[in-house]
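Results of the structural survey
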Amino acid sequence: MPSILIKYYLLDARQGARCQGLYGLSGVILIISYNLFMDSLKLLESLEEKLKTHPDDLGTAKSIAKFYQKLNPAINHATNYFIKMYQDKNRNLFYKELAQKNTQNKDVMEIGTGLGLIAYYILQTKPSYFMTCELNRHSFLKAEEFFKTNNLLDKLVLLNKSSFEIFYPEDTEKKFDFIIHELFASNPFAEGFLPIIMNAKRLLKTQGKFLPGIFKLKAIPVNYINHQFDGVKNELKQLNLDCYNNYYENQLISLDQNIEITTKANSITVFEIDLNSDFKLNDQFILKKDTLAGFDGLIVYFQAIEGDMILSNYNDEDSNYICDHWGSSIFVLNNKHLKNIEFQYDRTKLEIKPL
Ligand SMILES: C[S@@+](CC[C@H](N)C(=O)[O-])C[C@H]1O[C@@H](n2cnc3c(N)ncnc32)[C@H](O)[C@@H]1O
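So, how was this worked out
Positions within a chain are numbered from 1, following the residues in the order the chain's sequence is written. Restriction of local features to residues with pLDDT of at least 70 applies here, the model being predicted, together with a cutoff of 80 or more for giving and counting side-chain atom pairs; totals for whole chains, interfaces and linings are based on all residues. Only when DSSP finds a minimum of two bridges between them are two strands counted as paired. We count a stretch as a helix when DSSP gives it H or I for four or more residues in a row; a strand needs E for two or more, and each element gets its number in order from the N terminus. In this analysis an axis means a line fitted to C-alpha atoms, helices contributing only their contacting stretch, and an angle means the value between N-to-C directions, from 0 to 180 degrees. Counting other C-beta atoms within 10 Å of its own, a residue is labelled buried from 20 upward, exposed at 12 or fewer, and partly exposed in the gap between, with every C-beta atom placed from the backbone. The length a helix should cover is 1.5 Å for every residue beyond the first. The reported arc concerns the directions from the helix axis to the C-beta atoms and nothing else.

1. Some words on the sheet that holds strand β5 (residues 204-211)
With parallel pairing, 5 strands are arranged side by side in an open sheet as β3-β2-β1-β4-β5. Each of the sheet's edge strands pairs with one partner strand only, and the pair in question is β3 (157-159) and β5. Geometrically, the sheet is characterised by an average inter-axis angle of 20 degrees between neighbouring strands, direction not taken into account. Both strand β1 (residues 107-111) and strand β4 (residues 176-181) contribute to a ladder of 4 bridges, which runs parallel. Across the sheet, Met109 pairs through a bridge with Ile179, a residue of β4.

Below, the structure written as structure tokens:
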């Protein structure tokens, strides 16, 4: 989120300057905008700190909600990943088993109803109380229709709200034993699951838990052959296209079927975040270049873990549910000029770069 705000301010200031030729003014706007951004970020952070010790302070929770309303205005259109996600059997199986093992006779909340499938798995286990929320009006209406046509609407509380806007005791008389979430994007931090979960802690009972509870970001050094340019190289045989070989250097690209992995090292845990602890909203990890000597790239993937169940977007042999709809990624190293690699996450993104 900070980076999105900074980018927005920078772009705005730069565009203004280009139109009017006022580069000096652009600098001033930039400084003011940056200061405003830092002030609002500091304010948000101080509210978040306060909420940790005063989870029932409605004023604080509502101020944070207002902040997020501005930042993430509610959307009202179909999202293109849903159909693919619903056909991802392993994702579905993970959440079905997660519900079966935990939610019977419990007070349960879900963040992000989507079209209602995980909610359906939870309802099947007969929770004592079940609330689910969806901020996208388009999905919310579809979920409502789904529950209605399947005679389930009276078995749950369905709200067209963001989790930031759900307040105890105004919206829910009960706090929850479990809050179930599935808010990972292909860049796992992009949907902002960390700030969402940190904020929702106020809705858990003292012994309450987020499920799944552990998030890991992992990397595997590999050698690979990139066949992505084979088509164009065949078509333009008369030309020397070697210059394209390092086109993706120092970038995270999707690990599609045209990338053939030839050798793999052991996996490295880059970040391990216990969502049921007081975790950090940003962190950094440096992968030493010695670990990377002789390798062309790093497969970067995530695992969401609960007990012995692992949901992942890459098969590293110890993951039981490999989900293809997210896809996994590979960071392309420059193995001639090897450098330490810095991993950094914040509220809404992961950055990987050589140092
Ligand atoms: C990956 S989908 C989850 C799909 C859903 N569990 C299902 O099986 O259909 C994530 C959903 O969470 C919603 N969402 C994201 N952040 C949210 C928040 N803070 N509060 C409520 N919904 C949220 C998104 O609009 C999206 O529909």
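2. Regarding the sheet that holds strand β10 (residues 283-287)
With antiparallel pairing, the 3 strands of this open sheet are ordered in space as β10-β15-β16. Sheet topology places β10 and β16 (350-354) at the edges, where each strand pairs with a single neighbour. Strand after strand, the sheet turns through a mean of 15 degrees between neighbouring axes, direction not considered. Note: β10 against strand β15 (residues 341-345), 5 bridges, orientation antiparallel. Considered in β15, the bridge of Phe285 is made with Phe343.

3. What to know about the environment of Lys353
Inspection of the secondary structure puts Lys353 in strand β16. Looking at Lys353, the number of C-beta atoms within 10 Å reads 14, which means it is partly exposed. Sequence spacing of Lys353 and Phe343 is 10 residues, and the spatial spacing of their C-alpha atoms is 6.8 Å.

4. Quick word on helix α3 (residues 58-71)
If you check α3, its first and last C-alpha atoms are 20 Å apart, about what 14 residues at 1.5 Å a residue would give, namely 20 Å. Looking at α3, one finds that the buried residues are Thr60, Ala61, Ile64 and Tyr68. For α3, the angular spread of the buried residues around the axis is 95 degrees, confining them to a single face. Residues of α3 that are exposed and point more than 90 degrees away from the buried face comprise Gly59, Lys66 and Lys70.

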